[in-house]
Amino acid sequence: SKAMASHPPHRFAAADERDASNRIRLANDLQAAIPNEELLLHYQPQLDLHSGNIVGAEALVRWNHGVFGLQSPSRFIGVAEETGAILDIGAWALRTVAKQAMRINDGRRTPIRFSCNVSVLEFTRRDMVAFVEQVVAETGCRPEWLTLELTESLMMPEPAEVLRVFRDLRGLGVEISIDDFGTGYSNLRYLERFPLTEIKIDRSFVRDVVHSPAKRVIVESIIKLGGVLDIRVVAEGIETDAELSVVKSLGCSVGQGYLYSPPLDTTAFDAFIKYHAIS
Ligand code: C2E
Ligand code: CA
Ligand code: CA
Ligand code: CA
């Protein structure tokens, strides 16, 4: 162990190797995750910041790996994008979300919007629009109950193609959200060029608005622009009362975060709805 201590690079190399082999192991196991029913979705409630009513929920995928246990998406979404497994995972997720939306909204007077994260690889597949149409037909879920979230940092490639897909999806009635707004290419012209229905202000902004007047002005401008263009603005990652009161005072109407609730399994989500919603 003395030899180890004097050669820390060896330890790092060993850890790197272990990491790399875990990644390969995960990449291989991911193929079987759907047939083995190891993937699941948790739902994080989105609340109307003024009334406190639940108005939406974001579906977030988890992988219950047979050996390594519950894996967060940061452990496997990147791998899935590299191997292409993301296409099957995304298709499974959207279908599952649509079924869930149907189960919960059927018979509700005020439907809850369900958001599904979508990788840019899915958005640019040629049958994306037909696939969404099929899911809607197959599940009976109303298209307007579904919001597809696309991460802003990935919007740069193929803007013309993305624009066409957005228009077709909006034609179906599905809503489109730009996730992590402000962290990526940050072109405010997106807001008027793309047929968006929602933008999500990234957690990093929500955290900083409390202390940074500059960040506050940026967030305020995004919210105002959203108002003018009739795009819903959602604040993500609200953890404290201070963060809530600032985003609220800046005019943001919808939010999600640990202050209200972490992402919940379906049983806990059902219980949350029961106690927080006007039905
Ligand atoms: P995201 O879409 O930005 O999701 C928000 C992340 O912040 C989630 O992490 C959520 O659990 C976490 N979060 C929620 N409230 C708070 C809070 O108050 N404070 C803090 N610090 N964090 C909060 P999660 O579930 O680990 O997901 C990580 C990312 O993985 C997501 O970021 C999303 O980009 C991706 N992801 C999740 N599910 C899917 C999926 O089905 N498909 C694809 N393509 N990506 C997914
Ligand atoms: Ca998201
Ligand atoms: Ca986000
Ligand atoms: Ca984020």
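Rules of the game
Residues numbered from 1 in each chain as written. Chains lettered and ligands numbered in written order. Predicted model: local features only at pLDDT ≥ 70, side-chain atom pairs only at ≥ 80, totals over all residues. Heavy atoms only, no water. Salt bridge = Lys/Arg side-chain N within 4 Å of Asp/Glu carboxyl O. Helix = DSSP H or I, 4+ residues; strand = E, 2+ residues; numbered from the N terminus. Buried < 20%, exposed > 50% of the residue type's maximum accessible area, 1.4 Å probe, protein only. Donors = N, O, S within 2.8 Å, 3.2 Å for Na, K, Ca; no water. Polar contact = N/O pair within 3.5 Å; in protein donor to acceptor, adjacent residues only side chain to side chain. Contact = heavy atoms within 4.5 Å. Near = heavy atom within 4 Å. Areas by Shrake-Rupley, 256 points an atom, 1.4 Å probe, with all protein chains shown as cover. Nonpolar A, V, L, I, M, F, W, Y, C, P; charged D, E, K, R; others polar.

The protein is annotated in an unreviewed UniProt entry as EAL domain-containing protein from Sphingobium terrigena.

A. Expanded view of the pattern of salt bridges. As enumerated under the stated definition, the model contains 16 salt bridges in all. D29 serves as the salt-bridge partner of R25, at 3.1 Å between the closest nitrogen and oxygen. Of this pair, R25 and D29 are both found in helix 2 (residues 8–33), four residues apart, which corresponds to roughly one turn of the helix. When the shortest N-O distance is used, the salt bridge between E175 and R232 registers 2.8 Å. Pair noted here: E175 is in strand 6 (residues 175–181) and R232 is in strand 8 (residues 232–235), with a separation of 57 residues, a long-range link. You'll find E175 and R232 in the same group, each marked buried. Residues joined by salt bridges that share partners form a network here, namely E58, E149 and K200.

B. Fine view of the coordination of the calcium ion (ligand 4). Protein-derived ligands of the calcium ion (ligand 4) are D180 (OD), D202 (OD) and E236 (OE), with the metal-ligand distances lying across 2.4 to 2.5 Å. Mapping the donors of the calcium ion (ligand 4) onto the primary sequence gives the spacing D-x21-D-x33-E. Between the calcium ion (ligand 4) and the calcium ion (ligand 3), the interatomic distance is 3.2 Å, and D180 donates to each metal, bridging them. Of this pair, D180 sits in strand 6 while D202 sits in the loop between strand 7 (198–201) and helix 9 (203–208), and the two are 22 residues apart along the sequence. Accessibility expressed as a relative area gives 11% for D202, which makes it buried.

C. Examining the side chain of E243 more closely. Tracing the chain through its elements places E243 in helix 11 (residues 241–249). At 3.3 Å, the side chain of E243 and the side chain of R203 are in polar contact. Setting aside chain neighbours within four positions, we find E243 in contact with R203, V206, R207, V210, G237 and I238.

D. Highlighting the coordination of the calcium ion (ligand 2). Listed as protein donors to the calcium ion (ligand 2) are E58 (OE), N117 (OD1), E149 (OE) and D179 (OD); their distances from the metal cover 2.1 to 2.3 Å. Each donor residue of the calcium ion (ligand 2) lies on one chain, and together they are spaced E-x58-N-x31-E-x29-D. The calcium ion (ligand 3) is placed at 3.7 Å from the calcium ion (ligand 2), the two being bridged by D179. Linking E58 in strand 2 (residues 54–65) with E149 in strand 5 (residues 146–151), this pair joins segments that are 91 residues apart in sequence.

E. Quick look at the site of ligand 1. Taken together, 20 residues lie around ligand 1, and Q44, R62, D179, E239 and Y258 are the ones closest in. A distance of 2.6 Å separates a nitrogen atom of ligand 1 from a polar side-chain atom of E239. Within the backbone of Y258, a nitrogen or oxygen atom sits 2.8 Å from an oxygen atom of ligand 1. Its free accessible area being 800 Å², ligand 1 has 80% of it covered by the protein chains. If you list the elements that add at least two residues to the shell around ligand 1, you get strand 2, helix 3 (73–83) and strand 6. For the shell around ligand 1, the leading source of residues is strand 2, giving four residues. Partitioned by chemical class, the residues of the shell around ligand 1 number eight nonpolar, five polar and seven charged.

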